[in-house]
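# Fold and contact review
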Amino acid sequence: MDGITVVGSAQTGPQALSAVLRHRPDVLVLDPHDAGMNTIRDVVRAAPDTAVLVVSTLDDDTSIRTAVQAGARGYLVKGTEKSEHRARDPWHGRR
């Protein structure tokens, strides 16, 4: 894809953080099932210019809220059809 360069990959949270610190990407695409929700917080603290995009099979409000509160700037659910993509408010009007 034009304009997108993959600069690294990791299988664990510590590996992801190390790769972010080494490569300083614009965006980290992260599955918290593999890396853990704490990795979001660690990346946001260590590299605040790197946006964290969560891609997960978890589509419950608690998982989404936890990721956003940890600092994720986006959350996509794996396996959804394009027609199913929708905006969600995991706070139901509360923050």
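Our structure is the block above this text.
Residues numbered from 1 in each chain as written. Predicted model: local features only at pLDDT ≥ 70, side-chain atom pairs only at ≥ 80, totals over all residues. Heavy atoms only, no water.

With that settled, consider the side chain of Thr-39. Relative to the helices and strands, Thr-39 is located in helix H3 (residues 37–46). Here Ala-35 takes part through its backbone oxygen, which lies 2.7 Å from a polar atom of the side chain of Thr-39. Apart from residues lying up to four places away in sequence, Thr-39 is in contact with Gly-13, Ala-16 and Leu-30. (Helix = DSSP H or I, 4+ residues; strand = E, 2+ residues; numbered from the N terminus. Polar contact = N/O pair within 3.5 Å; in protein donor to acceptor, adjacent residues only side chain to side chain. Contact = heavy atoms within 4.5 Å.)

Viewed as axis vectors pointing N to C, H3 and helix H4 (residues 61–70) meet at an angle of 20 degrees, and their least axial separation amounts to 8 Å. By the angle between their directions, the pair H3 and H4 is classed as roughly parallel. Here H3 and H4 pass one another in a crossing that is right-handed. Residue-level contacts link Met-37, Ile-40, Arg-41 and Val-44 of H3 to Ser-63, Thr-66, Ala-67 and Ala-70 of H4. Among the residues making up the contact of H3 with H4, the classes are represented as five nonpolar, two polar and one charged. (Axes fitted to C-alpha atoms, helices over the stretch in contact; angles between N-to-C directions. Parallel < 35°, antiparallel > 145°, perpendicular 65-115°, else oblique. Left-handed = near helix turned anticlockwise from the far one by under 90°. Nonpolar A, V, L, I, M, F, W, Y, C, P; charged D, E, K, R; others polar.)

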